[in-house]
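Results of the structural survey
Chain by chain, the residues run as shown.
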Amino acid sequence: MGKVAKKKSDSAKKTVRKVIASSLPHIIGENFPNGSISLIDKELKFIFTNGSGYKTFGLNPKKYVGKSISTAVNAKVFKQIQKALPKIFAGKSITQEIKMDDYYFLNSYKPIVKKNGEIDAFVLVAQNITDLKKTTQENDKLQYIIKRSLNEIYIFNADTFLFEFVNDGALKNLGYSQQAIKKLTPIDLKPEFTLKSFEKLITPLRKGKEEKIEFETYHRRANGTHYPVEVHLQLVNAGNEKKFVAIILDISQRKTDQIFIKEKNEELATIIEELQASSEELQEQNDQLALLVKEKEDLFKELHHRIKNNLQMVISLLFLKGNQTQETSLQLFIKETRNRIFSIALLHEQLLQMKGIDKLDIAKYLQKLVKNLIDSYSSNNQQFEVKLDLDSYM
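Residues numbered from 1 in each chain as written. Predicted model: local features only at pLDDT ≥ 70, side-chain atom pairs only at ≥ 80, totals over all residues. Heavy atoms only, no water.

Here the focus is the nonpolar core. Within the largest apolar cluster, 26 residues are counted, with the highest numbers of intra-cluster contacts made by Tyr154, Phe156, Phe163, Ile181, Phe198, Leu233 and Phe244. Taken together, the elements giving at least two residues each to this core come down to strand 6 (152-157), strand 7 (163-166), helix 5 (168-174), helix 7 (186-189), helix 8 (195-206), strand 8 (212-220), strand 9 (226-238) and strand 10 (241-250). For this core, the element with the most residues is strand 9, which contributes four residues. Once residues within four sequence positions are removed from consideration, Phe163 is found in contact with Tyr154, Ile155, Phe156, Ile181, Lys182, Leu184, Thr185, Pro186 and Leu189. With 20 residues, the next largest nonpolar core counts Ile40, Val77, Ala84 and Phe122 among its residues. (Core = buried A, V, L, I, M, F, W, Y, C linked by side-chain atoms within 4.5 Å. Buried < 20%, exposed > 50% of the residue type's maximum accessible area, 1.4 Å probe, protein only. Helix = DSSP H or I, 4+ residues; strand = E, 2+ residues; numbered from the N terminus. Contact = heavy atoms within 4.5 Å.)

Listed below in structure tokens is the structure:
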């Protein structure tokens, strides 16, 4: 009875192995992530194919079984696969990157070698690496931009402070090679800092109190020269590690411009002070001149008043003397003298009332002078009429 039971058990195990053997490829294929797994004969026909990659394109893998691989891919991709066939049927396992339209696939070919050494089939594992490819391309592009950036970009270890990445812009400005710079730390480049002062500076970043800190300092080149920089420093998580990322601007030109502007401002301030001093001195001189002019005007007014009074007095005395004498010749002399003095007094008055040093109202002057002469020489028996045609100013 025991032998019969053992035979039945062995038979059951064989049956289970057959079931597993027949369903295993399908189980693997259906659950193959982001791609497909296929068994292809030497005539390039699908013996078996399956995988979640078919779902991406809305295809049913069963319809390709028994058909040529050329029915599943375009002519361009098929030519690429054909190039790999000689190596596959020579017994070599190879990997090949395929581009189909906007998608990228990584094909792995594994030949199935029989006991007699013949190869009549191979396994093709195709993985859709489009997302990975795009991510890699974007990372490469970003790395290229960072590497070629004119700004200095540094990545250094959060514990040892040793540089792990320094872009070309920084290396060029510093004069270090990539190999040499990786033996240094930020403290080696910043002569104003010690390890203790630098640790104190970055404490807010370590404790999470600040996301970024900014400060100005100096960088020391490999040849010992210095240049001013503006530092933007962050602490970032890189997987399970923390890294410091520093973006540094060379502000040499800014500092030069600031010094130039400061010097020009100082020069301008000096000029303004001198102008203010000159203005104050000029104002003082103007005040003195105005006072002097006023004094002269007052003196001139007083002088004119006295001259006018004296001339008027002389005219009055001559008028009285002319009335007292009966001698005709003397009366005529006194009258002429009085008219002459009147003309002088009138001219003096006109000069005082002039609107400008080059403008004398000759018409007004002559009208008064002629009137005075007519009044002097007119009598009951003799009258004079004079017409004047003159411009007002000369």
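What follows covers unusual backbone geometry. What you tend to see is this: most non-glycine residues have negative phi, and most peptide bonds are trans. Positive phi is not limited to glycine here, since Leu44 has a value of about 65°. You can see Leu44 is positioned in the loop between strand 1 (35-41) and strand 2 (46-50). Of note, the phi angle at Asp101 is positive, near 55°, even though the residue is not glycine. Looking at the element boundaries, Asp101 is found in the loop between strand 3 (94-100) and strand 4 (103-113).

What the rule picks out here adds up to twelve salt bridges. For Lys212, the salt bridge goes to Glu214, with nearest N and O atoms at 3.2 Å. With relative accessibility at 39%, the residue Lys212 sits in the partly exposed group. In this structure Glu214 comes out as partly exposed when scored by relative accessible area, which is 49%. What you see here is one network of salt bridges that share partners, running through Glu216, Glu230, Arg254 and Lys255. (Salt bridge = Lys/Arg side-chain N within 4 Å of Asp/Glu carboxyl O.)

Moving on to helix 8. Among the residues making up helix 8, those that are buried are Phe198, Ile202 and Leu205. Looking down the long axis of helix 8, one finds its buried residues gathered within 10° of arc, a one-sided arrangement. Relative to its buried face, helix 8 has exposed residues pointing more than 90 degrees away, namely Lys196 and Lys200. Of the surrounding secondary structure, the elements contacted by the buried residues of helix 8 are strand 6, helix 7, strand 8, strand 9 and strand 10. Following helix 8 by one or two positions, Gly208 adopts a phi angle in the positive range, close to 75°. (Arc of directions from axis to C-beta.)

To continue, consider the layout of surface pockets. When its volume is computed, the largest pocket comes out at roughly 390 Å³. Ser36, Ala72, Val73, Met100 and Phe105 are, among the 21 residues lining the largest pocket, the residues nearest its centre. Every element with two or more residues in the lining of the largest pocket is listed here: strand 1, helix 2 (53-56), helix 3 (75-88), strand 3, strand 4 and strand 5 (119-128). The class makeup of the residues in the lining of the largest pocket is 14 nonpolar, seven polar and no charged. (1 Å grid on protein atoms, 1.4 Å probe; cavity = no way out; pocket = protein on both sides within 12 Å on 5 of 7 lines; lining within 4 Å. Points joined across faces, edges and corners; volume = space filled by probe spheres on them. Nonpolar A, V, L, I, M, F, W, Y, C, P; charged D, E, K, R; others polar.)

Attention now goes to the sheet that holds strand 8. The strand order 7-6-10-9-8 describes an open sheet built from five strands, whose pairing is antiparallel. At either margin of the open sheet sits one strand with a lone partner, and together these are strand 7 and strand 8. Averaged over all pairs of adjacent strands, the angle between strand axes in this sheet comes to 30°, irrespective of strand direction. Across three bridges, the pairing between strand 6 and strand 7 is antiparallel. Paired with Tyr154 across the bridge in strand 7 is Val166. Against the sheet, helix 8 touches strand 6, strand 8, strand 9 and strand 10, its axis set at about 40° to strand 9. Taken strand by strand, helix 9 (residues 252-324) contacts strand 8, strand 9 and strand 10, and its axis lies near 135° from that of strand 9. (Pairing = 2+ DSSP bridges. Axes fitted to C-alpha atoms, helices over the stretch in contact; angles between N-to-C directions.)

Okay, the confidence of the model for the chain next. Within the chain, residue pLDDT values average 81, and 78% of them lie at 70 or more. Low pLDDT (under 50) marks residues 1-6, which in the prediction has zero contacts with non-local residues, meaning those over four places away or in another chain. Note on residues 11-24: pLDDT is under 50 here. Beyond four places in sequence and across chains, it has zero contacts. (pLDDT = per-residue confidence, 0-100.)

Turning next to a nonpolar patch on the surface. Where nonpolar side chains cluster on the molecular surface, the patch consists of Met313, Leu317, Phe319 and Leu320 and spans about 420 Å² of accessible area. Here Leu320 shows up in helix 9. On the basis of relative accessibility, which here comes to 48%, the residue Leu320 falls in the partly exposed class. (Patch = residues over 30% accessible without salt bridge, like charges linked within 9 Å, V, L, I, M, F, W, Y side chains within 5 Å. Areas by Shrake-Rupley, 256 points an atom, 1.4 Å probe, with all protein chains shown as cover.)

Taken together, the nine bridges between strand 8 and strand 9 define a ladder with antiparallel strand orientation. Residue pairing in the sheet places Phe215 in a bridge with Val231 of strand 9. Remark: five residues form the turn of the hairpin made by strand 8 and strand 9, two consecutive strands paired antiparallel; Gly224 in that turn has positive phi of roughly 95°.

Attention now moves to empty space enclosed by the protein. What the rule picks out here adds up to one cavity of 30 Å³ or more. The space that makes up the largest cavity amounts to roughly 50 Å³. In this structure, the largest cavity is lined by Tyr154, Phe156, Phe163, Pro186, Lys190, Phe198, Phe215, Val231, Leu233, Ala246 and Ile248. At the level of secondary structure, the elements contributing two or more residues to the lining of the largest cavity comprise strand 6, strand 9 and strand 10. Its residues assigned to classes, the lining of the largest cavity shows ten nonpolar, no polar and one charged.

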